[in-house]
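Listed below, chain by chain, are the residues.
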Amino acid sequence: MRIGHFGKQCLPVCQLNPCSESSTCESVIPSVLNQTKKKMYHCKCDAQHTGDYCEVNLDMPCPSNWWGYPICGPCQCDINKGYSADCNKTTGECYCEVNHFQPRDSAICYSCNCYAVGSYGNGCDPVSGQCHCRPGVIGRRCDSCSNPFAEVTLRGCEVVYDSCPKAYSREIWWPRTFFDEIVEQDCPEGSVGTATRFCSEQHGWGEPDLFGCTSLSFVELADQLGNLQKGLMELNTSLVVEYAHQLQTAVNKTFPLYGNDVLIFSLFFHQIIQHEKQKAGLDLSHRQDRYFIKAPLDQSRPWATAQLNHWIKQPWTELSFRFKIHRIDSVP
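Residues numbered from 1 in each chain as written. Predicted model: local features only at pLDDT ≥ 70, side-chain atom pairs only at ≥ 80, totals over all residues. Heavy atoms only, no water.

The protein chain appears in an unreviewed UniProt entry as Cadherin EGF LAG seven-pass G-type receptor 2 from Araneus ventricosus.

Put into structure tokens, the structure is as follows:
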């Protein structure tokens with residue numbers, strides 16, 4: 001009988017409902033199991049119960065989401081950061097919502113988000129977030145196999161012989177695909193477009209190609225760029241300043257940058273440069289906003305700047321000379 005499984009059907013212990021209705025059963029991962037305990041599970045009690053099985057009612061004067069004695073006050077727990085709305089009735093300390101974990105030195109609780117097929121239950125280690133995986137299954141969420149031709153199933157990892165297995169990569173689930181074929185999937189949440197991946201008979205899955213994905217922060221800029229390229233609108237000084245800052249905002253709020261994001265940035269920046277090269281004196285956007293040309297390359301996100309530098313170094317240098325900006329820190 002496997003560790004943590006009981007009964008004639010050899011079920012995971014939490015499926016046998018050993019805890020009271022006022023609690024959540026969490027499987028204990030063997031690697032972190034307290035050696036003084038024989039149980040392979042832990043009953044996580046709600047704020048009104050205690051005991052090994054959460055069978056003991058607590059006499060608490062404060063209602064849910066309040067704490068203190070003899071005077072109750074509201075809990076100050078940020079549910080937007082994954083905390084439970086309730087808190088410790090004695091100290092007011094906040095704790096993570098059920099099926100969440102909190103890394104050391106982190107102020108945020110993250111969802112366990114365990115892959116149901118590859119894991120035993122929805123709970124995970126409260127610090128590392130490691131879900132309790134089925135045999136042979138790996139990954140924090142229990143969504144992968146070490147063998148590139150194996151697929152996660154309810155029986156663990158099983159090899160697929162005639163195709164690339166269903167697999168999770170780059171926040172996309174890729175379906176089982178025959179060898180030497182390319183499969184298309186929608187881009188990850190927070191972006192639009194189509195991602196592709198090639199299935200090789202010799203090597204299995206290739207790396208996902210997400211170049212065609214566009215982050216939502218760049219979608220409106222893409223529409224505006226299309227209008228410029230089609231001649232449906234013309235740039236003027238105020239628009240140039242506005243678009244420069246829109247580019248800065250889009251870059252600063254986007255991670256990672258997809259290939260299409262970089263392409264949109266490059267083409268839009270080219271439009272701005274071409275407009276400025278035709279202007280002089282007070283007509284230069286630089287005269288209206290001295291920082292407009294630096295806005296798209298704000299150094300607050302150096303990882304993003306590095307991705308963009310090689311696309312725009314030459315035109316940046318040309319404009320810098322025109323504006324007599326002697327020190328350019330954003331582009332080496």
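### A short note on the packing of aromatic side chains
Going by this rule: Side-chain rings of Phe, Tyr and Trp, where Trp is taken by its six-membered ring, are said to pair if the distance between their centres is within 6.5 Å; with planes under 30 degrees apart they count as stacked, over 60 as edge-to-face, and otherwise as tilted. Starting at the N terminus, helices and strands are each numbered in turn, a helix being any DSSP run of H or I of at least four residues and a strand any DSSP run of E of at least two. We call a residue buried when its accessible area falls under 20% of the maximum for its residue type, exposed when it is over 50%, and partly exposed in between, using a 1.4 Å probe and counting protein chains only. Over a ring means this: the NZ of a Lys or the CZ of an Arg is within 6 Å of the ring centre and within 35 degrees of the ring normal.
Using the criterion set out here, one finds 7 aromatic pairs in the structure. With a centroid separation of 5.9 Å and 40° between ring planes, the pair formed by Phe 101 and Tyr 110 is classed as tilted. Ring centres of Trp 174 and Trp 205 lie 6.4 Å apart, and the angle between their planes is 50°; on these two criteria the pair is classed as tilted. In this pair, Trp 174 sits in strand E21 (residues 172-174) while Trp 205 sits in strand E26 (residues 204-205), placing the two residues 31 residues apart along the sequence. Residue Trp 205 is classed as buried on the basis of its relative accessible area of 12%. Through pairs of rings, three or more aromatic residues link up here, namely Tyr 115, Tyr 168 and Trp 173. Between the NZ or CZ atom of Arg 141 and the centre of the ring of Tyr 168, over which it lies, the distance is 4.9 Å. Over the aromatic face of Trp 173 sits the side chain of Lys 166, whose NZ or CZ is 5.2 Å from the ring centroid.

### As for the environment of Ser 119
Here is the rule: We call two residues in contact whenever any of their non-hydrogen atoms come within 4.5 Å of each other. As used in this structure description, the phrase polar contact means that two N or O atoms lie within 3.5 Å; if the pair is within protein, one of them must be able to donate a hydrogen and the other to accept it, and residues adjacent in sequence are counted only when both atoms belong to side chains.
Within the secondary structure, Ser 119 sits in strand E13 (residues 119-124). The buried category is assigned to Ser 119, whose relative accessible area is 1%. Separated by 22 residues in the primary sequence, Ser 119 and Arg 141 have C-alpha atoms spaced 7.6 Å apart. Each residue touching Ser 119, except ones within four places of it in the same chain, is listed here: Cys 114, Cys 131, His 132, Cys 133, Arg 134 and Cys 142. A polar side-chain atom of Ser 119 sits 2.7 Å from the main-chain carbonyl oxygen of Tyr 115.

### Examining the state of the cysteines
We apply this condition: Here, two cysteine sulfur atoms that lie within 2.5 Å of each other are counted as a disulfide.
Using the criterion set out here, one finds 13 disulfides in the structure. The partner cysteine of Cys 77 in its disulfide is Cys 94, sulfur to sulfur 2.1 Å. For the disulfide bridge between Cys 77 and Cys 94, the dihedral angle about the S-S bond is near -95°, and by the sign convention the bridge is left-handed. With a gap of 17 residues between them, Cys 77 in the loop between strand E8 (73-74) and strand E9 (83-87) and Cys 94 in strand E10 (residues 94-96) connect regions that are remote in the sequence. On the accessibility criterion, Cys 77 (14% relative accessible area) is buried. Here Cys 145 is linked by a disulfide to Cys 157, with a sulfur-sulfur distance of 2.1 Å. Here the S-S torsion is close to -100°, and the disulfide linking Cys 145 with Cys 157 is therefore left-handed. Taken together, the residues span a long stretch of sequence, with Cys 145 in strand E16 (residues 144-145) and Cys 157 in strand E18 (residues 156-159) at a distance of 12 residues. With a relative accessible area of 15%, Cys 145 lands in the buried category. By relative accessible area, which is 25% here, Cys 157 ends up partly exposed.

### Remarks on helix H1 (residues 216-229)
Here is the rule: One less than the residue count of a helix, multiplied by 1.5 Å, gives the span that helix is expected to have.
Taking 1.5 Å per residue, 14 residues should reach 20 Å; H1 reaches 20 Å between its end C-alpha atoms and fits that length. Taken residue by residue, H1 has Phe 218, Leu 221, Gln 224, Leu 225, Gly 226 and Leu 228 as its buried positions. Its buried side turned inward, H1 meets strand E27 (214-215), helix H2 (237-252) and helix H3 (259-277). Looking one or two residues beyond H1, the residue adopting positive phi is Gly 231, at roughly 75°.

### Re the nonpolar core
The test is simple: Here the nonpolar core consists of buried residues drawn from Ala, Val, Leu, Ile, Met, Phe, Trp, Tyr and Cys, with membership extended through side-chain atoms lying within 4.5 Å.
In this structure, Phe 218, Leu 221 and Phe 268 are the most contacted members of the largest nonpolar core, which totals 19 residues. If you list the elements that add at least two residues to this core, you get H1, H2 and H3. With 7 residues, the single largest contributor to this core is H3. In this structure Phe 218 touches Ala 250, Val 251, Thr 254, Leu 257, Asp 261, Ile 264 and Phe 265, once residues within four positions along its chain are discounted.

### Structural notes on unusual backbone geometry
Excluding glycine, most residues fall at negative phi; most peptide bonds, likewise, are trans. Between Phe 255 and Pro 256 the backbone carries a cis peptide bond, its omega angle lying at -5°. Mapping Pro 256 onto the fold places it in the loop between H2 and H3. Here the phi dihedral of Arg 170 falls at roughly 55°; this positive angle occurs in a residue that is not glycine. Examined against the element boundaries, Arg 170 turns out to sit in the loop between strand E20 (167-169) and E21. Located in the positive-phi region is Glu 171, a residue other than glycine, with phi close to 65°. Relative to the elements of secondary structure, Glu 171 occurs in the loop between E20 and E21. What makes Glu 171 exposed here is its relative accessible area of 55%.

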